[in-house]
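Examination of the molecular architecture
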Amino acid sequence: MKNAQKNKEIKSQENVEIKNKGMISKDRKKYLKKIKLRKLEIFITQISIVVIFIAIWEILARTGKIDSFITSQPSRILKTFLDLSSNDLLRHLKITCIETLVGFLLGTVMGIIIAIILWWSSFISKVSEPFLVILNALPKVALGPVIIIWVGAGMPAIIVMALAISLIVTILNVLNGLINTDKEKIKMAETFNANKLQILTKIVMPANISTLFNTLKVNIGLSLVGVISGEFLVSKGGIGYLIVYGGQVFKLDLVMTSVIILAIVAAVMYESIEILEKIVIKQK
Amino acid sequence: MTEEKKSILKANNIYKTYQAENGEIEALKNVNFEIKQGEFVSIIGPSGCGKSTLLSIVAGLEEKNDGEIYIDGKIGYMLQKDNLLEWRTIYKNVLLGLEIQNALTEENKEYVIKLLKKYGLYEFKNKYPTQLSGGMRQRVALIRTLAIRPTILLLDEAFSALDYQTRLMVTDDIYKILKNEKITVLMVTHDISEAISMSDKVIVLSKRPATVKKIYDVNFEIESRTPLNCRESPKFSKYFNLMWKELEQYEKCTEK
Ligand SMILES: Nc1ncnc2c1ncn2[C@@H]1O[C@H](COP(=O)(O)OP(=O)(O)OP(=O)(O)O)[C@@H](O)[C@H]1O
Ligand SMILES: [Mg+2]
């Protein structure tokens with residue numbers, strides 16, 4: 001009798017704890033406000049740094065302290081940017097984006113599939129280990145000329161380049177995550193007689209959602225690196241081509257504008273993955 | 001009452017040796033025991049002697065080198081950690097076993113809901129594991145195991161991750177649940193008093209390689225016995241001293 005009562009007490013204590021989470025105390029409000037203020041401070045400082053940097057650059061260029069022929073200058077970059085059509089900027093941007101996305105998707109899908117195969121078979125995994133390590137250490141840009149000879153100087157070569165750079169890293173990152181899944185959780189699934197496919201889909205993959213998204217974030221950057229270096233070599237189109245071309249004919253405005261567009265593209269792609277991650281995690 | 005109950009789990013001459021690159025580890029040597037329907041049996045023994053190995057072999061997760069296991073019924077196995085999946089709600093966690101065994105029928109879902117309601121977890125069914133206390137999580141893990149309707153339950157130090165106070169409560173809780181559902185239990189623990197307070201029979205294993213040293217019958221002659229009320233019985237300390245001395249003997253040998 002006494003025990004049952006004690007029991008109930010403990011259960012209701014647990015309830016209170018959980019309900020409390022919904023209420024906000026004064027101290028909590030204060031704390032939240034402080035955090036908000038801090039975030040605003042950081043944001044304002046970041047914006048100021050950019051604004052001041054641009055202002056100094058512009059002033060130095062206008063007063064002739066630096067040679068705008070070599071360094072370009074913000075107002076001219078803006079002009080080039082607004083004059084998108086005359087330089088065919090949009091067309092080149094589209095080429096780069098398509099190449100990056102295709103390279104990224106191929107690298108991610110192939111990388112994840114290969115990682116799963118290696119997780120499944122420890123024999124294949126052990127056999128391929130030294131090859132993966134060497135391929136990972138090899139600077140893939142060195143393969144550029146070979147790739148061009150093999151697949152021809154065009155979009156396919158650039159996509160292969162992006163793939164070469166992102167694939168091995170994807171395999172290694174994802175495999176590392178899969179292998180390090182909590183062994184106890186896998187054993188728990190085995191107590192219900194789970195087969196390997198069920199362990200993969202119900203335990204190992206969901207446990208590695210954040211590993212997967214981190215890999216995606218790294219990958220999008222790497223694909224862009226692959227695409228730009230591919231465009232440097234192939235020199236037919238894309239932002240990478242524009243940069244090389246602009247450098248050769250000393251159109252520094254075009255080079256700088258291209259670099260800034262590249263930064264924006266990278267930021268947008270990274271941000272899309274973050275948003276996708278939030279959506280996926282919320283749905284769970 | 002006096003009628004002999006049938007045995008539903010038998011281990012005959014079980015041997016187990018692990019092979020590893022740096023040598024062999026002999027874990028079990030000629031282990032024999034028998035469990036009758038409805039019994040609550042505990043296994044105690046020096047740490048690292050092979051208790052978990054024995055349970056894994058009974059559950060069929062680990063190969064044995066020799067011997068036979070007879071099982072008449074369905075095995076449920078609960079590990080030390082609750083291993084709740086933090087990306088699933090409590091309800092989805094509880095359904096995991098049924099999902100794996102392709103048994104997600106309406107009838108089974110209703111049974112799970114009934115269990116959740118009966119054991120005070122229904123209102124938390126859409127919460128996530130991190131929002132629950134350790135004791136509640138352990139109860140969720142138990143319901144996940146009960147959902148597949150086992151008739152024999154294996155518990156491997158299922159309560160040792162809890163703090164003392166919670167542990168007393170949870171063992172009391174879970175004991176009642178198991179008696180309620182008429183489940184036969186084989187429990188590994190390193191806590192002698194936990195073993196005495198819950199069991200009808202305590203199996204004492206020797207140090208590694210483990211073999212059965214003694215089997216104690218525990219009987220408090222208390223009506224509606226619970227783990228908490230039998231701790232107050234004078235017989236409790238008698239049993240405790242008996243088993244403690246038995247175990248101490250092996251621990252001494254191990255230290256040498
Ligand atoms: N997969 C394995 N490979 C090799 N040796 C193992 C393996 N699993 C367990 N062992 C060894 O077998 C022996 C018994 O292990 P087991 O986990 O069964 O002991 P235990 O009694 O449950 O220990 P504890 O009290 O720590 O829970 C230990 O010496 C352990 O190191
Ligand atoms: Mg153990």
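Residue positions are given per chain, counting from 1 as you read along its sequence in written order. Chain labels run from A onward and ligand labels from 1 onward, assigned in the order the entries are written. For a predicted model such as this one, the threshold for reporting local features is a pLDDT of at least 70, and the threshold for listing and counting side-chain atom pairs is 80 or more; totals across whole chains, interfaces and linings nevertheless cover every residue. Note: side-chain values were computed over all heavy atoms of the structure, leaving out hydrogens and water.

**Concerning the interface of chain A and chain B**
Chain A puts 26 residues into the contact, and the matching count from chain B is 34 residues. Accessible area, probed at 1.4 Å, shrinks when two parts are joined; the buried area is that loss added up over both. When chain A packs against chain B, the two sides together hide about 2,800 Å² of surface, and 60% of this comes from carbon and sulfur. For salt bridges, the criterion is a side-chain nitrogen of Lys or Arg within 4 Å of an Asp or Glu carboxyl oxygen. The interface formed by chain A and chain B holds three salt bridges in total. For B:E86, the salt bridge is made with A:K185, and the minimal N-O distance between the two is 3.4 Å. Definition of a polar contact: a pair of N or O atoms within 3.5 Å, with one able to donate and the other able to accept a hydrogen when the atoms are protein atoms, and with sequence-neighbouring residues admitted only if both atoms are side-chain atoms. Counting across the chain A and chain B interface gives five residue pairs in polar contact (both at pLDDT 80 or more). Secondary structure elements are defined from DSSP: runs of H or I of at least 4 residues count as helices, runs of E of at least 2 residues count as strands, and each element is numbered from the N terminus. Counting only elements with at least two residues in the side of chain A that touches chain B, the list comes to α1 (2-20), α9 (183-191) and α10 (196-207) of chain A. Of the residues forming the side of chain A that touches chain B, the biggest block, eight residues, is contributed by α1(A). We call two residues contacting when some pair of their heavy atoms lies within 4.5 Å.

**Focus on the domain arrangement of chain A**
All names here are of chain A. If you check the domain split of chain A, you get domain 1 (1-66) and domain 2 (71-283). Residue ranges labeled as domains rest on an automatic or database domain assignment. Each of domain 1 and domain 2 has a C-alpha centre, and the two are 32 Å apart. Facing the six residues of domain 1 at the interface are seven residues of domain 2. Between domain 1 and domain 2, the buried area comes to about 520 Å², and carbon and sulfur atoms account for 64% of it. When residues of domain 1 are sorted by the area they lose upon contact with domain 2, W57, E58 and A61 head the list and together hold 75% of the total. Applying the counting rule to domain 1 against domain 2 returns zero salt bridges. Summed over the shared surface of domain 1 and domain 2, the number is three residue pairs in polar contact (both at pLDDT 80 or more). The residue inventory of the side of domain 1 that touches domain 2, partitioned by class, reads four nonpolar, no polar and two charged. Note on residue classes: Ala, Val, Leu, Ile, Met, Phe, Trp, Tyr, Cys and Pro are nonpolar, Asp, Glu, Lys and Arg are charged, and everything else, Gly too, is polar.

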